[in-house]
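Descriptive analysis of the structure
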Amino acid sequence: MTGKAGNGADTFAFTPENRDKADAVIAKYPAGCQASAVLPLLDLAQRQNGGWIPRAAMEHVAELLDMASIRVYEVATFYTMLNLEPVGRHHVQLCRTTPCWLRGSDALRDACRDELGIGLGETTEDGLFTVTEVECLGACVNAPMVQIDDHFYEDLDASRMKEILRGLRAGNPPTPGPQTGRQTSAPASGPTTLTEL
C-alpha cells in the first residue's frame, strides 16, 4: 500500500501479489547474495507505484534485502529507467544519443512538443504523458527511436511520432518496433545478399 504525502509517499509495502513476486526474485540468488535482487525489486516497486519510486519504497526494498538504505538509493539514482518523481501514464523516453540525433531526434522532440504542448522533463496537465531525454536505448541502427512505457518505437519521423502519441491518447497503442515496415534491424534499403532462394 502506498500513502501519498504531498509529492511523495510516506509509506510503502508490496501488495501480497507483488510480495510473492519479490520473494521469487530473491530466491534466485544464493544465500548472502540477495542484494543482487535490488534492481528487479525497484522495478517492481515502480510498477506498483504508478511509474515512480518514492523513498519509502526504496527503504522497503532495503529492508527486504537486508541492505543499507544508501546502497538502494545509489542504485535508484544511477539508472535512468528508475523514476524518482511521478511521471505520466505514458512515459515517452526520447533517445538523444548521437545516432538518434544524427537521424532526427530533434524533430521527434519538436513533434512531442507540438502534439502534447510540453517540453523535455514535463508532464501534460492531464497526467497522461511525460517526455524525458535519455541516453542510448540500444537500437542505434533503427534510429531515431523512443521508448514509451515498456515498448520501443523505431525508424521514426515527426509525422509518425505524432500518430503514435495520438493513438496512445485515444487508447489505441500502435504496434511497437520499426515503423517503416522493415523486419527488426534488417537493412533499411532491403536485402543486399541472398536475394534469391
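For the structure itself, look to the data block above.
So, here's what we can say about the structure.

Rules of the game
- Residues numbered from 1 in each chain as written.
- Predicted model: local features only at pLDDT ≥ 70, side-chain atom pairs only at ≥ 80, totals over all residues.
- Heavy atoms only, no water.
- Helix = DSSP H or I, 4+ residues; strand = E, 2+ residues; numbered from the N terminus.
- Buried < 20%, exposed > 50% of the residue type's maximum accessible area, 1.4 Å probe, protein only.
- Contact = heavy atoms within 4.5 Å.
- Areas by Shrake-Rupley, 256 points an atom, 1.4 Å probe, with all protein chains shown as cover.
- Lys, Arg positive; Asp, Glu negative; His and termini not counted.
- Charge placed at Lys NZ, Arg CZ, Asp CG, Glu CD.
- Salt bridge = Lys/Arg side-chain N within 4 Å of Asp/Glu carboxyl O.
- Axes fitted to C-alpha atoms, helices over the stretch in contact; angles between N-to-C directions.
- Parallel < 35°, antiparallel > 145°, perpendicular 65-115°, else oblique.
- Nonpolar A, V, L, I, M, F, W, Y, C, P; charged D, E, K, R; others polar.

The helix and strand inventory of the protein stands at seven helices and eight strands. In the protein, buried positions account for 41% of the 197 residues. The contacts in the protein between residues at least 6 apart in sequence include a share of 59% that link residues at least 24 apart. For the protein, the computed accessible surface area is about 11000 Å², with 52% contributed by carbon and sulfur atoms. Looking at the protein, you have 17 positive and 26 negative side-chain charges, and the mean spots of the two groups are 2 Å apart.

Once that is clear, we can look at the pattern of salt bridges. Under the defined criterion, the tally for this structure stands at 15 salt bridges. Among the salt bridges present, the one from Asp-150 reaches Arg-47, with a minimum N-O distance of 2.8 Å. Residue Asp-150 is located in the loop between strand S6 (146-148) and strand S7 (151-154), and its partner Arg-47 is located in helix H2 (residues 38-48); the two are separated by 103 residues in the primary sequence. Relative accessible area serves as the criterion here: at 45%, Asp-150 is assigned to the partly exposed category. What makes Arg-47 partly exposed here is its relative accessible area of 49%. We note a salt bridge from Asp-110 to Arg-109, for which the minimum N-O separation is 3.1 Å. With relative accessibility at 23%, the residue Asp-110 sits in the partly exposed group. Overall, the relative accessible area of 25% leaves Arg-109 in the partly exposed class.

Contact pair H2 / helix H4 (residues 69-78): the axes reach a minimum separation of 10 Å and the direction vectors enclose 70°. The orientation of H2 relative to H4 falls into the category roughly perpendicular. When H2 is examined against H4, the residues Val-38, Leu-39 and Leu-42 are found in contact with a partner set consisting of Val-72, Val-75 and Ala-76. Tallied by class, the residues present in the contact of H2 with H4 amount to six nonpolar, no polar and no charged.

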